[in-house]
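# Chains, contacts and geometry: an overview
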Amino acid sequence: MSAAAVVLAETPCYLEPSVTIASPEERLRDLVHDLRQPLSSIEAIAYYLEMTLPAGQFEARQYMSQLQRLVADTNTILERSVGTPRRGCGRATV
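Residues numbered from 1 in each chain as written. Predicted model: local features only at pLDDT ≥ 70, side-chain atom pairs only at ≥ 80, totals over all residues. Heavy atoms only, no water.

### Things to note about the overall build of the protein chain
A count of helices and strands for the protein chain gives 3 helices and 0 strands. If you list the helices and strands of the protein chain from N to C, you get α-α-α. Considering the protein chain as a whole, with its 94 residues, one finds that 17% of them fall into the buried category. At a minimum sequence separation of 6, the contacts of the protein chain that also span at least 24 residues come to 62%. (Helix = DSSP H or I, 4+ residues; strand = E, 2+ residues; numbered from the N terminus. Buried < 20%, exposed > 50% of the residue type's maximum accessible area, 1.4 Å probe, protein only. Contact = heavy atoms within 4.5 Å.)

Below is the structure:
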């Protein structure tokens with residue numbers, strides 16, 4: 001072994017940095033968190049639209065209700081995958 005190889009092997013700057021690898025559970029929790037962020041926005045927008053739509057907008061209100069149900073169903077699936085329940089913003093009543 002040459003002197004240069006010995007110096008490189010023993011120099012602290014040459015050593016590989018210790019990389020912490022996330023466990024599958026941590027990666028799943030991160031993924032669920034990342035998925036919940038846009039779902040929260042969708043849920044809040046649907047809630048707001050349902051509250052502010054004129055009473056005569058039956059079809060639009062049905063779409064908003066359906067969207068809220070789909071978000072709630074998706075949140076339930078995410079909760080089951082990591083076991084952490086999350087409260088939604090609720091349903092509008094008119």
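Let us keep going from here.
### A closer look at a negative patch on the surface
A surface patch of like charges, here negative, comprises Glu25, Glu26, Asp30 and Asp34. In this fold, Asp30 is placed in helix H2 (residues 24-52). On the basis of relative accessibility, which here comes to 47%, the residue Asp30 falls in the partly exposed class. (Patch = residues over 30% accessible without salt bridge, like charges linked within 9 Å, V, L, I, M, F, W, Y side chains within 5 Å. Areas by Shrake-Rupley, 256 points an atom, 1.4 Å probe, with all protein chains shown as cover. Salt bridge = Lys/Arg side-chain N within 4 Å of Asp/Glu carboxyl O. Lys, Arg positive; Asp, Glu negative; His and termini not counted. Charge placed at Lys NZ, Arg CZ, Asp CG, Glu CD.)

### Focus: helix H3 (residues 58-82)
Between its first and last C-alpha atoms H3 spans 36 Å; for 25 residues at 1.5 Å apiece the expected length is 36 Å, and the two agree. For H3, the elements touching its buried residues are H2. (Expected span 1.5 Å × (residues − 1).)

### With respect to the environment of Arg61
One can find Arg61 in helix H3. For Arg61, a relative accessible area of 13% gives the class buried. Distance in space between the C-alpha atoms of Arg61 and Tyr47 is 9.9 Å, their sequence separation being 14 residues. A polar contact of 3.4 Å, which involves the side chain of Arg61, links it to the backbone oxygen of Pro54. (Polar contact = N/O pair within 3.5 Å; in protein donor to acceptor, adjacent residues only side chain to side chain.)

### Thoughts on the side chain of Glu50
Mapped onto the fold, Glu50 is located in helix H2. A polar atom in the side chain of Glu50 sits 3.4 Å from the side chain of Gln68.

### So, the environment of Gly83
Tracing the chain through its elements places Gly83 in the segment after H3. Taking the relative accessible area as the measure of exposure, Gly83 reaches 57% and is therefore exposed. In this structure the C-alpha to C-alpha distance between Gly83 and Arg29, which are 54 residues apart in sequence, comes to 9.5 Å.

### Some remarks on the packing of H2 against H3
Running from N to C, H2 and H3 point in directions that differ by 160 degrees, and their axes come no closer than 9 Å. In terms of their interaxial angle, H2 and H3 are classed as roughly antiparallel. Helix-helix and strand crossings are classified by hand; for H2 and H3 the assignment is left-handed. Residues of the contact of H2 with H3, tallied by class, amount to 14 nonpolar, 5 polar and 6 charged. (Axes fitted to C-alpha atoms, helices over the stretch in contact; angles between N-to-C directions. Parallel < 35°, antiparallel > 145°, perpendicular 65-115°, else oblique. Left-handed = near helix turned anticlockwise from the far one by under 90°. Nonpolar A, V, L, I, M, F, W, Y, C, P; charged D, E, K, R; others polar.)

Interpretation note: all reported values are geometric properties and have no functional meaning in isolation.
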